[in-house]
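Coordinates in review
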Amino acid sequence: MDIPLKQKKKFLIQHLISSGYLKTKKVIQAFEEIPRENFVPHDYHDHAYADEPLPIGGGQTISAPHMVAVMTELLEPKKTDEVLEVGAGSGYQAAILSKLVKKVFTIEFDKNIAKRAELNLCSTGINNVEIMTGDGSKGYEKQAPFDKTIVTCACQEIPRALIVQLKEGGRIVIPVGGQWYQELVLGVKKKGRLETSMHGGCVFVPLRH
Ligand code: SAH
């Protein structure tokens, strides 16, 4: 007999908590509230609560739930935050953040992917996420500065525009490294400069220009 999605979701969240990826009550609640199946292609619905990245078309992927958990916890999201995301992908990470912050601005390079993300967010009833298409490494001047920035594609270095557009005391979480392997970096802006710390290895699709 097939295990119902609801049960699979419960098991996944328990796993993320016991493995130490999910730590904060409100972040756990956001994971409970957002249906990941709304953000994966129909053929993968059954796998929506496996702790794995899944294809979303155009050679791109929705990140594994543990990676979304780690990045969300590192951001320390607050209800007053305005957040910039680079790499909307499926819209799932933005959806999780939407429950924890005031507003998410997310930039997606691929027009078709952006359209689908918008549909996914809309069908989930989320209305505090704004999606734009473009090269997110330039940031989003119009709405800057941001309290938090999250980058969900691999960068060789932290794009300068993203540091400039971050508020003093703001946090950025970003995978930095080569094409096949990156280090998850947390930067906290102090006196105009980033204080960085490393938070483990990861593999993201590369930032495109
Ligand atoms: N956060 C996503 C996963 C993103 S996958 C989720 O929750 O599903 C990485 C995404 O970054 C891809 O969709 C890719 O098209 C996008 N991307 C790559 N380069 C980019 C750029 N320069 N600006 C904005 N998006 C970019």
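The structure under discussion appears in the preceding block.
Let me begin by describing the structure that accompanies this report.

The immediate surroundings of the ligand are formed by 25 residues, with Ser90, Glu108, Asp135, Gly136 and Arg208 found nearest. Within the backbone of Gly134, one N or O atom sits 3.4 Å away from a nitrogen atom of the ligand. At 2.6 Å, a side-chain N or O of Arg208 approaches an oxygen atom of the ligand. For the ligand, the accessible surface in isolation is 590 Å², of which the surrounding protein chains cover 100%. The cavity where the ligand resides is the largest pocket. If you list the elements that add at least two residues to the shell around the ligand, you get strand S2 (60-62), strand S3 (82-86), helix H4 (92-98) and strand S4 (103-108). A per-element tally of the shell around the ligand places S2 first, with 3 residues. Broken down by class, the residue content of the shell around the ligand amounts to 11 nonpolar, 10 polar and 4 charged.

Here we take up the pattern of salt bridges. Taken as a whole and assessed by the stated rule, the structure comprises 8 salt bridges. Salt-bridge contacts for Lys102 lead to Glu82; the nearest nitrogen and oxygen are separated by 3.6 Å. In this pair, Lys102 is assigned in the loop between H4 and S4 and Glu82 in strand S3, connecting sequence segments 20 residues apart. Its salt-bridge partner being Lys138, residue Asp135 comes within 3.4 Å of it at the nearest N-O pair. On the basis of relative accessible area, Asp135 is assigned to the buried category, the value being 16%.

Attention shifts here to the side chain of Asn120. Mapped onto the elements, Asn120 comes out in helix H5 (residues 111-123). Ignoring any residue separated from it by four or fewer positions in sequence, one finds Asn120 in contact with Asn38, Phe39 and Ser90.

In spatial order, the strands read S5-S4-S3-S6-S7-S8-S9; together these 7 strands make up an open sheet with mixed pairing. This sheet does not close on itself; its edge strands, each paired only once, are strand S5 (129-133) and strand S9 (193-202). With strand direction ignored, the average angle separating the axes of adjacent strands in the sheet is 15°. Two strands pair when backbone bridges link them, and strand S7 (residues 166-177) and strand S8 (residues 182-190) are joined in this way by 7 bridges, in the antiparallel orientation. Note that in S8 the partner of Ile174 across the bridge is Val185.

With 4 of its 5 residues buried, S3 lies for the most part within the structure. For the handedness criterion, the β-α-β arrangement of S3, H4 and S4 is classed as right-handed. Where S3 lies against strand S6 (residues 146-151), 4 bridges are found, and the strand directions are parallel. When the sheet's bridge partners are listed, Val83 is paired in S6 with Lys148.

One can find Ser90 in the loop between S3 and H4. Considering only alpha carbons, one finds Ser90 and Arg116, 26 residues apart in sequence, at a separation of 7.0 Å. With near-sequence residues (within four places) excluded, Ser90 lies in contact with Phe39, Ile56, Ile62, Ala117 and Asn120.

Reading the values: rules and limits
- Residues numbered from 1 in each chain as written.
- Predicted model: local features only at pLDDT ≥ 70, side-chain atom pairs only at ≥ 80, totals over all residues.
- Heavy atoms only, no water.
- Near = heavy atom within 4 Å.
- Polar contact = N/O pair within 3.5 Å; in protein donor to acceptor, adjacent residues only side chain to side chain.
- Areas by Shrake-Rupley, 256 points an atom, 1.4 Å probe, with all protein chains shown as cover.
- 1 Å grid on protein atoms, 1.4 Å probe; cavity = no way out; pocket = protein on both sides within 12 Å on 5 of 7 lines; lining within 4 Å.
- Sits in = over half its atoms within 2 Å of the grid points.
- Helix = DSSP H or I, 4+ residues; strand = E, 2+ residues; numbered from the N terminus.
- Nonpolar A, V, L, I, M, F, W, Y, C, P; charged D, E, K, R; others polar.
- Salt bridge = Lys/Arg side-chain N within 4 Å of Asp/Glu carboxyl O.
- Buried < 20%, exposed > 50% of the residue type's maximum accessible area, 1.4 Å probe, protein only.
- Contact = heavy atoms within 4.5 Å.
- Pairing = 2+ DSSP bridges.
- Axes fitted to C-alpha atoms, helices over the stretch in contact; angles between N-to-C directions.
- Right-handed = clockwise from strand over helix to strand, strands pointing away.

Geometry only, nothing functional implied.
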